[in-house]
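Coordinate analysis (summary)
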Amino acid sequence: MSTFQDLGLNDDLLQAITDLGFEKPSEVQEKAIPILLESETDLVALAQTGTGKTAAFGFPMLQKIDVNSRTTQGLILSPTRELCLQITNEMKLYGKYCKGLNVTAIYGGASITDQAKQVKKGAQVIVATPGRMKDMISRRLVDISKIEYSVLDEADEMLNMGFKEDITNILSHTPDDKNTWLFSATMPKEVAAIAKNFMHNPQEITVGHKNEGSKNVSHEYYLVNARDRYQALKRLADANPDIFSVIFCRTKRDTQKVAEHLIEDGYSAGALHGDLSQNQRDLVMTSFRKKQIQMLVATDVAARGIDVDDITHVINYQLPDEIETYNHRSGRTGRAGKTGVSMVIVSKSEVRKIKSIERIIKKQFEKKEIPNGMQICEVQLMSLANKVHNTEVNHEIDTYLENINQLFEDTTKDELIKKFFSVEFTRFYNYYQKSKDLNISASSDNDRDYSSNSKSTRYFINVGKKDGYDWMSLKDFLKEILELGRDDVFKVEVKDSFSFFNTENELKEKVLAFFNDFKHNGRFVNVEVSENRGGGRRGGKRRDGRNGGRRDDRKNSNYGKSKSRRSNSGEFANSRPRRSRR
Ligand code: ADP
Ligand code: MG
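Residues numbered from 1 in each chain as written. Chains lettered and ligands numbered in written order. Predicted model: local features only at pLDDT ≥ 70, side-chain atom pairs only at ≥ 80, totals over all residues. Heavy atoms only, no water.

The relative placement of two packed helices is expressed as an angle between their axes plus a distance between the axes. Between helix α2 (residues 27-38) and helix α3 (residues 53-64), the least distance of the axes is 8 Å, while the angle of their chain directions is 25°. For the element pair α2 / α3, the angle class is roughly parallel. Along this stretch, α2 crosses α3, giving a crossing that reads as right-handed. Of the residues in α3, those in contact with V28, Q29, A32, I33, L36 and L37 of α2 are K53, A55, A56, F57, F59, P60, Q63 and K64. Considering only residue class, the contact of α2 with α3 consists of ten nonpolar, two polar and two charged. (Axes fitted to C-alpha atoms, helices over the stretch in contact; angles between N-to-C directions. Helix = DSSP H or I, 4+ residues; strand = E, 2+ residues; numbered from the N terminus. Parallel < 35°, antiparallel > 145°, perpendicular 65-115°, else oblique. Left-handed = near helix turned anticlockwise from the far one by under 90°. Contact = heavy atoms within 4.5 Å. Nonpolar A, V, L, I, M, F, W, Y, C, P; charged D, E, K, R; others polar.)

What follows concerns the site of ligand 1. As a structural note, the neighbourhood of ligand 1 is formed by 16 residues, with K24, Q29, G50, K53 and T54 the closest of them. In this structure, a nitrogen atom belonging to ligand 1 sits 2.9 Å away from a main-chain N or O atom of K24. Between an oxygen atom of ligand 1 and a main-chain N or O atom of G52, the distance comes to 3.2 Å. (Near = heavy atom within 4 Å. Polar contact = N/O pair within 3.5 Å; in protein donor to acceptor, adjacent residues only side chain to side chain.)

On to α2. With twelve residues, α2 should cover 16 Å at 1.5 Å per step; its first-to-last C-alpha distance of 18 Å lies within 8% of that length. Of the positions making up α2, those classed as buried are V28, Q29, A32, I33, P34, I35, L36 and L37. (Expected span 1.5 Å × (residues − 1). Buried < 20%, exposed > 50% of the residue type's maximum accessible area, 1.4 Å probe, protein only.)

Along the chain, H219 turns up in strand β8 (residues 217-223). Residue H219 is classed as buried on the basis of its relative accessible area, which comes to 4%. Within the structure, the side chain of H219 is placed 2.7 Å from the side chain of Y326, a separation counted as a polar contact. Sequence-distant contacts of H219, defined by excluding residues within four places in its chain, comprise Y326, S330, S342, I361, K363, Q364, F365 and E366.

Consecutive residues of a regular strand have side chains that alternate between opposite faces of the sheet. Burial of the side chains of strand β4 (residues 125-128) extends over both faces: V125 and V127 are buried on one face and I126 and A128 on the other. With four bridges connecting them, strand β2 (residues 74-77) and β4 associate as parallel partners. Bridge assignment links L77 to a residue of β4, and that residue is A128. Bridge analysis of strand β3 (residues 103-106) against β4 gives four bridges, and the strand direction is parallel. Within β4, the residue paired with T104 across the bridge is I126. (Pairing = 2+ DSSP bridges.)

Attention now moves to a negative patch on the surface. Together, D66, E148, D176 and D177 line one region of the surface with negative charge. What makes E148 partly exposed here is its relative accessible area of 38%. (Patch = residues over 30% accessible without salt bridge, like charges linked within 9 Å, V, L, I, M, F, W, Y side chains within 5 Å. Areas by Shrake-Rupley, 256 points an atom, 1.4 Å probe, with all protein chains shown as cover. Salt bridge = Lys/Arg side-chain N within 4 Å of Asp/Glu carboxyl O. Lys, Arg positive; Asp, Glu negative; His and termini not counted. Charge placed at Lys NZ, Arg CZ, Asp CG, Glu CD.)

Checked against the element boundaries, S184 lands in strand β6 (residues 179-184). With 140 residues separating them in the primary sequence, S184 and V44 have C-alpha atoms 8.0 Å apart. Leaving out residues up to four positions away in the same chain, S184 has contacts with A45, L46, A47, A155, D156 and V191.

And the structure:
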C-alpha cells in the first residue's frame, strides 16, 4: 500500500490531504489507518514524535463519526494545552470538507464557560487536556457517555506528568464498549499497565523499534566543565549561524536565566516555561514559529507541544532527570523527513548518562569538540560571504550608488571585500581571539570515580528536627526551593537544630547564592559549606553528630571564600562580551 486512497479513506478526507500537500502516508499512518477503518478495535501504537500520529488516529476518527449527529463521539486526550490546540487545528484541517464537523478544544487557562458553549453547539470531537476535562465532567458541562472512540495521545507523557488518576476518572465516564486508541513514543511500564487495564485485546503496531529515536536525528555530546556550560552553548550557536533550535534546561529558573543571558548577549532568544502567563507563552511561540526567535529556551513540560518542523538543533543544556525524556527532546528535530542534530552539553559527572541514553535510543553518540574561536570566526565569515553572494540586489539602492561609489573611488574590489567582511569578522575575532579551549577530557584526573566524595560539596544548614524536619522532608524542601532534580541533594543528615546535606560541586554556586539572603517562615535560613565530607572516610559521620559540630564546621568552612565567589563566578560569568548580534 502506498497511497492514502489505498488505505480506504473517503473523498472528503482525500481532498483535504491533497490540500495539505501530504503525498504519501507515513509508516504509522500506513499501519494504523486500515486497522482502525476496518475494525472496531482497541489499538496500541508506538511511534516517535514527528511520525504523523495525529493523522494516524485523526483520519479514521473523522471517517467513522457521524457528522450529522451532534453527539460527542470522539474524545482525544493530550498532555498539554499547546498539543491540544495543535491537534484541534490539525483535525479541523483534516476535516475541512466534512460538512457539519465540530471539533472543540478543552484546556486549562481559558474560559471554561466559553468552552462549554462550544461543546453545546454539538461538538462531535473533543480534544482535551486531562485536568480541564475532569473539571468539565464534574460540573456536567460535557457529556461523554456516548463516546465511541477515545484516543490517548502521548500517553507516556501524560502519565509522566501525573495524569494517571485524571485519565482513569475520565474514562470511567465513557462507555465500556468504546474503542480506545493509545499512541505513545515510548512504552514504559505505566503505559503497558494502562493498556492492560483499560483496553480489550488491543492490536499493537510499532514503528521502528520501541523507544528508538528518530532515524533523522544524529546525536552529539560535548564534554565541558559545568561552569563553562553557557560559554559552550554560545559557541555551539555561533558555530551554526543558521541555527533554529530548542534549548532544554532542567528547571524554570535556569530556563529563564539562560534565555535572559542569550538576549543580553545579542542572540534572538526567548524563554518558554510554566511560570510565564499563557499570553506570554503564546507570544514566544508565535515569534518562534515565525523564526523571529532563533533559540527557544524551554523546560521539558513547556516544550512538549512544540511541533515546529524546521528545528535544526536540539541542545540539551542540561540532561533531563529521567533519561527517557531525552527521546522527547531530540524528537523536536528531525521531523517531517528533515534531518536534525541533538547536542548534549555534558559535565564529567553526567557523562555516564550518555551510555544509558545510547542504550535507550539504540544509537551512538558522537563525542565532539566545542569549536575554538578561530573556527567560529571562519564559519561566521563564510556564512556571511554566502549570504552576500546569494542576496538579491535591491534596486532601491541605485539612487544612493553615486555617493557610495564616490566614497570608494580609490578602493579596489579586493580591498572593498576585505573591509566589508571585516565589519563582521572583527566583532567575532575580538571576542574570540583570547578565548580558551572549553573541552575537557573524560579521563583526566580522578573524576572517573563517581562514588568519590571529592566532587560533592557538603553543606551546613541551620534548620533541624526542632523545625520539624526529618531527612526526607528536608531533602524535599531543598529540592523544591532550589528547583533541583531527584538525585541532586543527597546525604541529608538532620540533627536537632541544624543539618547537613550534599550536592555535586557544580551546584555549589547556585546553592550558596540562593541562601545568600533567604528567609523561610520569617527567619533567615543559613547555609554554609561544611568541611565535613559526610559519610566519607575521614570519620565524617561521627563529626557531624557531635555536639557543637556546628562550630567545628564553621571554623573549618571556607565560608569567606565562597561568599566572595558568589558574586562574580559561575556559569554566566563573563557572559556579556558583545551585543548587537542581528
Ligand atoms: P507526531 O504526533 O507523531 O509527533 P504529527 O502528527 O504532529 O506527529 O506530525 C508531524 C508533522 O508531519 C506535522 O506537521 C504534520 O502535518 C506532518 N505530516 C503528517 N503526516 C504527513 C504525511 N503523510 N506527509 C507529509 N507530512 C505529514
Ligand atoms: Mg503528536
